[in-house]
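Each chain, written out:
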Amino acid sequence: MERVVLVTGASGGVGLALCQRLLEEDGRIHLCIACRNVQKSEATRDLILAAHPAAQVSTVEVDLGNLASVLRAAQELRCRFQRLDFVYLNAGIMPNPHVNFKALWHGLLTGRLLHMLTTAEGLMTQTDRLNGDGLQEVFTTNLFGHFILIRQLQSLLCDNEKPSRLIWTSSSNARESAFSLSDYQHAKGQESYSSSKYATDLTSVVLNRKFNNQGLYSSVVCPGLVMTNMTYGILPVFIWKLLMPIMWLIRFFAKTYTLTPYNGAEAHVWLFKQKPEYLDLLVKYHSCTTGLGRCYVEARKMDVDEDIAEKLYQKLLELEEQILKKYNDLLD
């Protein structure tokens, strides 16, 4: 039977490039693209089928920032499939990003500019907001919506003949200094994106501890600096166009400047071809590109505290219990 691959956030950027590259690797997979906009889902499906007319491509509507939508999508997927082989947890948001020019200037004076440009450490702030469930929007979309989704799909992911895989799109901007267990939704800070990605890394570590013995493996990847709609929201487009020659030059010194969605999906595709039993589950896999454009994958140990990871997981379970009580009518 063909392998079933679910990709969230598939309508553009790294998600779309990933879908196209997966079909280049194995045209026999059943690819299910998950997007919050029905029209974009259908347009994405048509675009993929134009390049791969024999492919099996289906769609499911899900807004990861809306937990009722997540529960409905999970119910539909349980009805449609008997198992899931890969779930790429790729959808994410970074609302209202602002460049901290004071931090940028300080980095220049202290010799840390290249580090800041490759990790965005201290360079960006975001203004988050509450969603309809009363939760922080970035936390919900980037982490908790995905957490609820895989918990609801557990019957399709565990105890299959072959291992199932979760592959999270994290970031080099995932930093412990931006995360606080006492404010795990990051309601009081201005680095919600970084916090949510660090929480993603923590969650992946615990999921492996809990579910590897049931045949479910979790990995995290970093696509590098990719020019997508999310990136273009940081600065006006015309400034990005002026900066592009400089960014191509920086890539000779900063291998994580992948720049294109195709390059950014390198680690995602590499993991598609690996046996999870042989992977280091405390590693983040980074998409990298040489100055001359050759793509490759670099494994880097994650800076995660496994005790904090366990405590975060328990908080997520408690929050999940509240949500399921609220939406009891959407459960089987």
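Residues numbered from 1 in each chain as written. Predicted model: local features only at pLDDT ≥ 70, side-chain atom pairs only at ≥ 80, totals over all residues. Heavy atoms only, no water.

Asker: Please explain the UniProt feature "coiled-coil region" (unreviewed entry) in the chain as it appears in this structure.
Answerer: Sites flagged by UniProt as "coiled-coil region" (unreviewed entry) map to residues 302–329. Measuring from the first to the last C-alpha atom of residues 302–329 gives 39 Å, for a span that is 75% helix and 0% strand. (UniProt positions renumbered as here; feature names shortened; annotations may be inferred. Helix = DSSP H or I, 4+ residues; strand = E, 2+ residues; numbered from the N terminus.)

Asker: Even after reading the chapter, I still don't get the pattern of salt bridges, so can you show me in this structure?
Answerer: Side chains that differ in sign of charge can pair as their charged atoms come close. One pass over the structure, following the stated rule, counts 19 salt bridges. Taking the shortest distance from any N to any O, the salt bridge between Lys326 and Asp133 comes out at 3.2 Å. Of the two residues, Lys326 sits in helix α13 (residues 306–326) while Asp133 sits in the loop between β6 (124–125) and α6 (137–152), which places them 193 residues apart along the sequence. Residue Asp133 is classed as buried on the basis of its relative accessible area, which comes to 14%. With its nearest N and O atoms 2.9 Å apart, the salt bridge here joins Arg209 to Glu306. Of this pair, Arg209 sits in helix α8 (residues 192–211) while Glu306 sits in helix α13, and the two are 97 residues apart along the sequence. Because the salt bridges share partners, they merge into one network encompassing Arg209, Lys210, Glu306 and Glu310. (Salt bridge = Lys/Arg side-chain N within 4 Å of Asp/Glu carboxyl O. Buried < 20%, exposed > 50% of the residue type's maximum accessible area, 1.4 Å probe, protein only.)

Asker: In this structure, what is going on with unusual backbone geometry? I would like to understand it.
Answerer: With glycine set apart, most residues show a phi of negative sign, and most peptide bonds adopt trans. Positive phi, normally seen in glycine, also occurs at His186, with a value near 60 degrees. In this fold, His186 is placed in the loop between β7 (164–169) and α8. On the basis of relative accessibility, which here comes to 8%, the residue His186 falls in the buried class. Look at Leu259: it is not a glycine, yet its phi comes out positive at around 70 degrees. Looking at the secondary structure, you find Leu259 in the loop between α10 (237–250) and α11 (261–264). Since its relative accessible area comes to 3%, Leu259 is described here as buried.

Asker: Where do I start with the environment of Ala54 in this structure?
Answerer: Mapped onto the secondary structure, Ala54 falls in the loop between α2 (38–51) and β3 (56–61). Look at Ala54 and you get exposed, because its relative accessible area is 72%. Distance in space between the C-alpha atoms of Ala54 and Arg28 is 8.7 Å, their sequence separation being 26 residues.

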